Amino acid sequence: MLTSVVWSALYIASCGVRLAQLPSDPSDLDGLNLVSVNTSASVERLTEQLAELIRKTPVVCDACEGEFKWQFIVGPGRSGTTTAMMMIDEIPGYYVTGENKGLVNDLQEIFENTQSRLPSLTGALRRDGAISEQHLLCAMQDLVRASLGAFDEGHITTIGFKEIRFKTQEDMTFVHKLFPCAKFIVVTRRNPGEAVGSGWWTEENIASNLEQTRMLESWQSRNHAISFQLHLEDFSVERFNEMLAWMNVTGCAYTQVAHSNQGGYSDGRGGAKMNGTCVSQ
């Protein structure tokens, strides 16, 4: 159930306003560092802090016309999403972070609850006027951007994160609604069963990996214009350079594939390498 603080912030957003200029150092907002803790209290405190920054003057908002482009990496856990993140983050002008503990999943629940509330209710739940879907989505975009932390806004053109928690078609439908002009790298294993013994995957729970893999690959096949399929088994300099071409990044090429999570989450980590001068279209 959404708290009164969350509803207050969303009501302000629904009236047709955007977040004010975010501070250059996100630590100036006490609640921002709580995004990594997936609790209702952290979402409430973060929303309360962001609500204080919302402009009072209504403005037109367009979820595709923000200051930055959006790039996401999605896939089941232990499928190579961290390596893909390291490869993309090597591109000048790109800032792609790790998982944000399901923040977008929380926003999905808030969005669905908000849109299910009809105007003109009477009694204790009375509320006049419909909530603007577009302004709510714009405010949520701003919240996600703030959760990424500080980055060099003068040189970064594309931002995003990797996520292993998008497990249903509804999840992917929502993230595409929230970021309608984003691009997605879908990272999976051809044989999800080979993940058994890696991280938390066992014979008992590997079925959920297979189900998520099938869902993501099905979504990618229907959205190939905005998504690129990467199989862990195909990770190579050549394949990542094909990804680079699909992303319309020219003038440079990968010369070494990054390696992460070998033997665990911190062992054997090696960086990506590129040569040339990258130009993003």
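What you are looking at is a predicted structure, and each value in this text was computed from that prediction instead of being measured.

A. The sheet that holds strand β3 (residues 158-163), seen in detail. Strand order in the open sheet made by the five strands is β2-β3-β1-β4-β5, with parallel pairing throughout. The sheet is open, and its two borders are formed by β2 (94-97) and β5 (227-231), each paired with just one other strand. Within the sheet, the average angular offset between the axes of one strand and its neighbour, ignoring direction, is 20°. Sheet analysis places strand β1 (residues 69-74) next to β3, joined by six bridges and oriented parallel. Following the sheet pairing, V74 is matched in β3 by E163.

B. Representation of the state of the cysteines. The full count for this structure, using the stated rule, is two disulfides. At a sulfur-sulfur separation of 1.9 Å, the disulfide partner of C64 is C181. With the S-S bond torsion at 95°, the cross-link from C64 to C181 turns out right-handed. In this pair, C64 is assigned in the loop between α2 (40-51) and β1 and C181 in the loop between α6 (169-178) and β4 (183-188), connecting sequence segments 117 residues apart. Exposure remark for C64: the relative accessible area of 29% places this residue in the partly exposed category. We classify C181 as partly exposed; its relative accessible area is 48%. Here C252 connects covalently by a disulfide to C278, the sulfurs 2.0 Å from one another. Every disulfide takes its handedness from the sign of the S-S torsion; for C252 and C278 that torsion is 105°, giving right-handed. Of this pair, C252 sits in strand β6 (residues 249-256) while C278 sits in strand β7 (residues 273-280), placing them 26 residues apart in sequence. Under the relative-accessibility criterion, C252 is labelled buried at 14%. Classification of C278 by relative accessible area gives buried; the value is 18%.

Quick notes on the rules
Residues numbered from 1 in each chain as written. Predicted model: local features only at pLDDT ≥ 70, side-chain atom pairs only at ≥ 80, totals over all residues. Heavy atoms only, no water. Pairing = 2+ DSSP bridges. Helix = DSSP H or I, 4+ residues; strand = E, 2+ residues; numbered from the N terminus. Axes fitted to C-alpha atoms, helices over the stretch in contact; angles between N-to-C directions. Disulfide = S-S within 2.5 Å. Buried < 20%, exposed > 50% of the residue type's maximum accessible area, 1.4 Å probe, protein only.

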